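# Tertiary structure, described
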There are 2 protein chains.
Amino acid sequence: MSAEIIPLRQPDGESAPTLDPMLALTASGMNAVNAVILDRMQSEIPLIPRLAGHLIAGGGKRLRPMLTLAAVELVGYQGNRHHKLAAAVEFIHTATLLHDDVVDGSEMRRGKAAANIIFGNPATVLVGDFLFSRSFELMTEDGSLKVLKILSGASAVIAEGEVAQLSAQRRIETSEERYLHIIGAKTAALFAAASRIAAVVAECDDAEERALDDYGRNLGIAFQLVDDAIDYDSDAAKMGKDRGDDFREGKMTLPVILAYSRGNEEEREFWRGAILGHRSSDSDLDHAVSLIAKHDCLIDTRERARHFAQRAADALAIFPDGQARRAMIEAVQFAVSRGY
Amino acid sequence: MSAEIIPLRQPDGESAPTLDPMLALTASGMNAVNAVILDRMQSEIPLIPRLAGHLIAGGGKRLRPMLTLAAVELVGYQGNRHHKLAAAVEFIHTATLLHDDVVDGSEMRRGKAAANIIFGNPATVLVGDFLFSRSFELMTEDGSLKVLKILSGASAVIAEGEVAQLSAQRRIETSEERYLHIIGAKTAALFAAASRIAAVVAECDDAEERALDDYGRNLGIAFQLVDDAIDYDSDAAKMGKDRGDDFREGKMTLPVILAYSRGNEEEREFWRGAILGHRSSDSDLDHAVSLIAKHDCLIDTRERARHFAQRAADALAIFPDGQARRAMIEAVQFAVSRGY
């Protein structure tokens, strides 16, 4: 056990944080996970691997299974049960993305046309269901009821978070508290579960299991908040999606919540119209970006993200220093430095 | 063990078969299952129970959980584990129906407006995901890995069957063999699993487990074929859906497969156009019905259904005669007599 303070900020002059240490730490495990993913997305129905492969081969970072792999290194687990489980996590995530794209009517995903655009909504919904079922088959093969409980619970929470977000859509009065609750469910629950299951396969004690859950959950929230910020300040290429997607979909995200609460009546009137979908032109987006900048809403969204990132890093204090912990902390630093 | 021949057909003069003996057999268990369903479809997100309740309270027969309950009676299981599991089966089915209605763009379900019409596609997809996750939570709480394997496997097969059906849509060359394979997956797999899990909780031997699987699977195929027939010969009220739904959606079902294969070139030309969606008027439907009648395709679809129904009934021969077996056999007879 170590109890030192883990500094999240890099000392001046150091190079920008990257995901490279995490990628190096998990490289061989990720090969094994990718093999499971490719094997288990197969089906005698050719459309299934074709559609699933479009997204899965589409260059996602596989951040969630990577968390499982990194956490396994952190706790010193020697077996290989986590390969199937990390693949199950990625299948849950992939199923969620496919259904999200149908729900949002997305046109782009990871810099390519979204699956729903190429294959249509019906096939996209059904292949999502297939991958979701496959994830439970993988977990069942592993045989840990504790892992099944964690991931089935997370899946239900994710779906609740998605419905909650849908209910909040186009509702200007969504509060910051409510929004944090939503992204805690729709995004952070799977980050938390992905980390936590490493402690389960390694038979760690409860404190370590909770610490990994806390790490993943806080990282997930930080990650989502930075995504929210990037949607208003970066060009499309950085994220593989169009800038202003959230704006055009009337999504309430933290930059908008802050800009609305800090705005004068004229600005609030603009936001009401925007969130209701009455202002979705490029010049409307430019105006939204200027209002967000005027009230420092991107800076503060990133500050909020940094707060959760710090909590994620601190959660790892109970684990010994070493390559794995350093990589997991730099991943947190990387998450909040994206888009700068 | 008994080995007598089980006659599927009723002797002349007997009253028509009903689901009543099955309903009586499972009445008290069904109350317990309904309590689980109502309890576990709740969420702090109000839209979830509202949308789920629209379908769940909408008067479905709950045939699949009823199969679990009846099979439990058949094998003499005394516990109550099957209540949660039967609820899990119904949640899987409900999730599938919600996604089906999105996929098909259905307007009616069980005689009411379909959930997607009232609540929109996005919420309908997501609440389906929620119920699906909940079903795995219920199974995990029960804790049988064998049940989890059966139901996660069935779920993946159902999704594959749905994708296969989507791929076959508007393809006139779909063969009877291929079609039976599709409905074996999309419909019969859950009937089979629902019956089979009763044998698992009761710790039956392999032969009994397989027999219940065979019963459910053959009943499911028979059930689907009769549904297919009814879509071309009954009025909408009987099914709570519009006559001709399958026709207008360009669905290849057995009556169409038979009519196409038995038709002359002019008739085949009609079917090609119909399945491609170029003929969907009321008079086109009337013409389709007349072609199907001309070649005895409804009679033969029902004969095919009767064949599978007989196999379902025969699968029960290894169980002792009694109230449960008689009810399960009459349920088969009922399934194939519907719509007459």
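Residues numbered from 1 in each chain as written. Chains lettered and ligands numbered in written order. Predicted model: local features only at pLDDT ≥ 70, side-chain atom pairs only at ≥ 80, totals over all residues. Heavy atoms only, no water.

## A short note on the overall build of chain A
- Assigned secondary structure in chain A consists of 16 helices and two strands.
- Compactness check: chain A gives a C-alpha radius of gyration of 20 Å against a globular reference of 20 Å for 340 residues, within 12% of the reference.
- Based on the C-alpha atoms only, the size of chain A along its principal axes is roughly 60 × 55 × 30 Å.
- Going through the 340 residues of chain A one by one, you find that 61% of them count as buried.
- Excluding contacts between residues fewer than 6 apart, the proportion of contacts in chain A whose partners are at least 24 apart in sequence is 77%.
- Summing over all exposed atoms, chain A offers an accessible surface of approximately 13000 Å²; the carbon and sulfur share of this is 50%.
- Side-chain charges of chain A comprise 38 positive and 50 negative groups, with the mean position of each set lying 1 Å from the other. (Helix = DSSP H or I, 4+ residues; strand = E, 2+ residues; numbered from the N terminus. Rg over C-alpha atoms; globule rule 2.2 N^0.38 Å. Buried < 20%, exposed > 50% of the residue type's maximum accessible area, 1.4 Å probe, protein only. Contact = heavy atoms within 4.5 Å. Areas by Shrake-Rupley, 256 points an atom, 1.4 Å probe, with all protein chains shown as cover. Lys, Arg positive; Asp, Glu negative; His and termini not counted. Charge placed at Lys NZ, Arg CZ, Asp CG, Glu CD.)

## A few points about the relation of the copies chain A and chain B
- Mapping chain A onto chain B is achieved by rotating through 180 degrees and translating by 0.0 Å along the same axis, at an RMSD of 0.0 Å. Each copy turns onto its partner about a two-fold axis. (Least-squares fit on C-alpha atoms with pLDDT ≥ 70 in both.)

## Digging into unusual backbone geometry
- The backbone of Arg 62 of chain A sits at a positive phi, close to 55 degrees, despite the residue not being glycine.
- With respect to the helices and strands, Arg 62 of chain A occurs in the loop between helix H2 (47–56) and helix H3 (63–75).
- You will see that Asp 296 of chain B, though not glycine, has its phi angle at about 55 degrees, which is positive.
- Take Asp 296 of chain B: its relative accessible area is 40%, and that puts it in the partly exposed class.

## With respect to the side chain of Ser 195 of chain A
Residues and elements named next belong to chain A.
- Relative to the elements of secondary structure, Ser 195 occurs in helix H8 (residues 176–201).
- Assessed through its relative accessible area of 0%, Ser 195 is described here as buried.
- When near neighbours in sequence (up to four residues on either side) are disregarded, Ser 195 contacts Leu 67, Ala 71, Leu 212, Tyr 215 and Gly 216.

## As for helix H1 (residues 20–40) of chain B
- At Ala 27 of chain B, H1 of chain B shows its maximal kink, close to 60 degrees.
- The complete set of buried residues in H1 of chain B reads Met 22, Leu 25, Thr 26, Gly 29, Met 30, Val 33, Val 36, Ile 37 and Arg 40 of chain B. (Bend = angle between axes of the 7 residues up to and from the residue.)

## With respect to the environment of Arg 110 of chain A
Residue and element names in this part refer to chain A.
- With respect to the secondary-structure elements, Arg 110 resides in the loop between strand E1 (108–109) and strand E2 (112–113).
- For Arg 110, a relative accessible area of 24% corresponds to the partly exposed category.
- A polar side-chain atom of Arg 110 sits 2.9 Å from the main-chain carbonyl oxygen of Leu 55. (Polar contact = N/O pair within 3.5 Å; in protein donor to acceptor, adjacent residues only side chain to side chain.)

## Focus on the interface of chain A and chain B
- Opposite the 37 residues of chain A that make contact, chain B presents 37 residues.
- Across the chain A/chain B interface, buried area totals approximately 3300 Å², and carbon plus sulfur atoms make up 75% of it.
- By the criterion of area lost to chain B, the three top residues of chain A are Leu 126, Glu 160 and Val 163 of chain A, representing 18% of everything that side buries.
- Counting across the interface, chain A meets chain B through zero salt bridges.
- Counting residues per element, the ones that place at least two in the side of chain A that touches chain B are H2, helix H4 (81–104), helix H6 (121–142), helix H7 (145–168) and H8 of chain A. (Buried area = accessible area lost by both parts, 1.4 Å probe. Salt bridge = Lys/Arg side-chain N within 4 Å of Asp/Glu carboxyl O.)

## Topic: the nonpolar core
- Counting 248 residues, the largest nonpolar core has Tyr 215 and Trp 271 of chain A together with Tyr 215 and Trp 271 of chain B as its most contacted members.
- Leave out the neighbours within four places in its chain, and Trp 271 of chain A touches Ile 172, Phe 247, Val 256, Ala 259, Tyr 260, Ala 288, Leu 291 and Ile 292 of chain A. (Core = buried A, V, L, I, M, F, W, Y, C linked by side-chain atoms within 4.5 Å.)

## Here's the deal with the pattern of salt bridges
- One pass over the full model with this rule turns up 44 salt bridges over all chains.
- When the shortest N-O distance is used, the salt bridge between Arg 40 of chain B and Glu 141 of chain B registers 2.6 Å. Here Glu 141 of chain B lies in helix H6 (residues 121–142) and Arg 40 of chain B lies in helix H1, a separation of 101 residues in the sequence.
- With relative accessibility at 39%, the residue Glu 141 of chain B sits in the partly exposed group.
- Within the structure, one salt-bridge network assembled from shared partners comprises Lys 146, Arg 196, Glu 209, Asp 213 and Arg 217 of chain A.

## Points about the confidence of the model for chain A
- Looking at chain A, pLDDT values average 92 and 93% of them are 70 or higher.
- At the level of chain-chain contacts, confidence expressed as ipTM amounts to 0.91, with global pTM at 0.93. (pLDDT = per-residue confidence, 0-100.)

## As for the packing of aromatic side chains
All names here are of chain B.
- A complete count under the given rule lists 14 aromatic pairs over all chains for this structure.
- Relative to Phe 247, the ring of Tyr 232 lies with its centre 6.4 Å away and its plane at 80 degrees, an arrangement referred to as edge-to-face. Residue Tyr 232 is found in helix H9 (residues 206–233), and its partner Phe 247 is found in helix H11 (residues 245–248); the two are separated by 15 residues along the sequence. The same class applies to Tyr 232 as to Phe 247, namely buried.
- With a centroid separation of 5.4 Å and 70 degrees between ring planes, the pair formed by Phe 270 and Trp 271 is classed as edge-to-face. (Phe/Tyr/Trp six-rings, centres within 6.5 Å; stacked < 30°, edge-to-face > 60°.)

## Notes on the packing of H6 of chain B against helix H7 (residues 145–168) of chain B
All names here are of chain B.
- Running from N to C, H6 and H7 point in directions that differ by 165 degrees, and their axes come no closer than 10 Å. Classified by the angle between their axes, H6 and H7 sit roughly antiparallel to one another. Where H6 crosses over H7, the two elements pack in a sense that is left-handed. Contacts between H6 and H7 involve Phe 132, Phe 136, Met 139 and Thr 140 on the former and, on the latter, Leu 148, Leu 151, Ser 152 and Ser 155.
- Its residues placed into classes, the contact of H6 with H7 shows five nonpolar, three polar and no charged. (Axes fitted to C-alpha atoms, helices over the stretch in contact; angles between N-to-C directions. Parallel < 35°, antiparallel > 145°, perpendicular 65-115°, else oblique. Left-handed = near helix turned anticlockwise from the far one by under 90°. Nonpolar A, V, L, I, M, F, W, Y, C, P; charged D, E, K, R; others polar.)

## Describing the environment of Ile 118 of chain B
All names here are of chain B.
- As for its position among the elements, Ile 118 is in helix H5 (residues 115–119).
- Between the C-alpha atoms of Ile 118 and His 54, which are 64 residues apart in sequence, the distance is 9.5 Å.
- Among all residues touching Ile 118, those that are not within four sequence positions of it are His 54 and Ala 113.

## Regarding the side chain of Asp 284 of chain A
Residue and element names in this part refer to chain A.
- Counting through the fold element by element, Asp 284 comes out in helix H14 (residues 282–294).
- As a buried residue without a salt bridge, Asp 284 has its nearest oppositely charged side chain in Arg 279, at a separation of 4.2 Å.
- There is a polar contact of 3.0 Å between the side chain of Asp 284 and the side chain of Ser 281.
- In this structure Asp 284 touches Phe 247, Phe 270 and Arg 279, once residues within four positions along its chain are discounted.

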